Amino acid sequence: AELHQDPCARAMEIFDLQAARQAEVFSALRIAQLEIKGIYDPVIHDPWFANFGWEAFSQEELLLVPTVMALESADRLAGSDLRPFSRLMSSGRPVQVLVRVQAHNNPGCDDREDPFATYRIELGYLGIAHRQAVVAQSSGARHDHLLQGYLAALDATRTGLHIINTGLRPESKLMPLNAWLVAGAAIESRAHPFFRINPAAGDAAALRMNFDRNPQPEADWPIHPFRYQDENGNLADRELAFTFADYALLIERLRHHFRLIPAGCDSDSLVPIQDYLAMGQAEAERRIPFIWAVDANARLLRLVVSRELTMACRDRLNWWHTLQELAGVRNRYVELAVERTRAEERARAAEQRALLEAEHAAE
C-alpha cells in the first residue's frame, strides 16, 4: 500500500512499472517459442519486440500482471482528481479504482453546502462515459454482489470503477441503526441502485448491462406491506412505497427537510410523495408531499417533505429511469413501438369493420 496525493496518476505509474518487468519475461517466452518452431527472423521480429509493451499482452498475460488498485475519495473524484481519473479510465490499463460514497451526499457539493442544493453528480454515469471501462455500483450490504463486480472487472482485464456504499451509523437518541441497515435502505430507496457495465460482454447495451439484485426493478419505488396499530389500538395493514425521502429520514443531518403534520390536520392537498412525483406539474403545484413515520411511542405520523428534498427524489427517480432504460426494463423506444403497432392494428380493424358493414348494407 502507498499513500499518494494523486491515486489515479500514481496507479498508472505503478502498473506501467509492473507491466514493463512482465514484458521482459513475456517477450523472452514468445521469442523462445518462435525459435523452437524455427520461424524467428531478427529482421522482422527484433523491431516488434523492441517496442513490446502491455498493449500487446494477451488476456492471459494481463491476468499475470499484479493487480493495481487506487482508493479514491468521491469528493475529490468529482473535483480536483477528475482529470487524472478520466485519463486512467480512458487508458485501457487494467487498474481498479475503488470509490466509497454516501448515498445521501452529492460529491459535487462543498462540505458546507446542502447536498440537495444542486443536482447530484452520479459517478456511475461519469464512469459509463468512459465506454471501454467496467463500471460497477454495489454495496457492502450485499457482499456477494460486490465480489461479483470485482471478479467481472478483473476477468475483463480492463480499467474498472467500483462505486461502493458502505453505509453509516447515524447518531440517534433512540436505538442506533446498523450501518448495513442504512446501506440496505439506500438500495431499496433508489439512492444507490445496483448496476454493472462490462464492455467485454459485447457491443449491445443488453449484453453489457447487469441490473441484478435491485428490488422490484420494474417499479419506480419498491412497495412493501406495513402493519401498524391505529388510533383505536386495532391492527391495520397498508402498502407503502419506500422512496429516497424515507431513506433521507434515517440521516440526522437531513432532518430539517421534514416538518410534522399535526394530528387531525387533514386536507386533500396532502398526498404521499410517490403519488406527488407521479403527477403532472400543474396538479403537483396544488399538492403537498408527505411521508409516513413512527415516533418514539410507535405512533404513526405524517411528515411534510421540503421542496429541496422533493426535487432530490425526482432527480433520483430520473437516474433510476435512465438505468432501467439501459437495462431494457422500461425502454421508451420499445413502448413507443408497441403503441404504434397497436394503433396500426386498431386502424386496420376499424377499416375492415367499415368494409364489412358496407358490404352488409349493400346486401
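Let us look at the structure shown here.

Attention now goes to the overall build of the protein. Scanning the protein from terminus to terminus reveals 14 helices and twelve strands. Overall, the C-alpha framework of the protein stretches about 90 × 85 × 35 Å when taken along its three principal axes. Residue burial in the protein is summarised as follows: out of 363 residues, 41% are buried. Between the centroid of the 39 positive side chains of the protein and the centroid of its 50 negative side chains there is a distance of 3 Å.

Burial analysis of helix α8 (residues 179-188) places seven of its ten residues in the buried class, which makes it a mostly covered element. Within α8, burial applies to A179, V182, A183, G184, A185, A186 and I187. Those residues of α8 hidden inside the fold are in contact with β3 (134-139), β4 (160-165) and α10 (244-248).

What follows covers the sheet that holds strand β6 (residues 209-210). Ordered by their spatial adjacency, six strands build an open sheet running β1-β2-β4-β3-β5-β6, and the pairing between neighbours is mixed. If you trace the sheet from one side to the other, it starts and ends with β1 (68-73) and β6, each paired once. In this sheet, strand β5 (residues 195-197) lies alongside β3 in antiparallel orientation, the contact comprising three bridges. Residue pairing across strands places Q137 opposite F195, the latter belonging to β5.

Next up on the list: the environment of V294. Structurally, V294 is set in strand β11 (residues 288-294). Along the primary structure V294 and Y228 are separated by 66 residues, whereas in three dimensions their C-alpha atoms are 9.6 Å apart. With residues near it in sequence (within four places) discarded, V294 still touches F226, R299 and L300.

Before going further, it helps to examine the pairing of strand β2 (residues 95-101). Burial of β2 is extensive: six of the seven residues sit out of reach of the surface. Here β1 pairs with β2 via six bridges, running parallel. Each residue of the ladder has a partner; that of L71, found in β2, is L98. Where β2 lies against β4, six bridges are found, and the strand directions are parallel. Looking at the pairing, R100 lines up with I164 of β4.

What counts and what doesn't
Residues numbered from 1 in each chain as written. Predicted model: local features only at pLDDT ≥ 70, side-chain atom pairs only at ≥ 80, totals over all residues. Heavy atoms only, no water. Helix = DSSP H or I, 4+ residues; strand = E, 2+ residues; numbered from the N terminus. Buried < 20%, exposed > 50% of the residue type's maximum accessible area, 1.4 Å probe, protein only. Lys, Arg positive; Asp, Glu negative; His and termini not counted. Charge placed at Lys NZ, Arg CZ, Asp CG, Glu CD. Contact = heavy atoms within 4.5 Å. Pairing = 2+ DSSP bridges.

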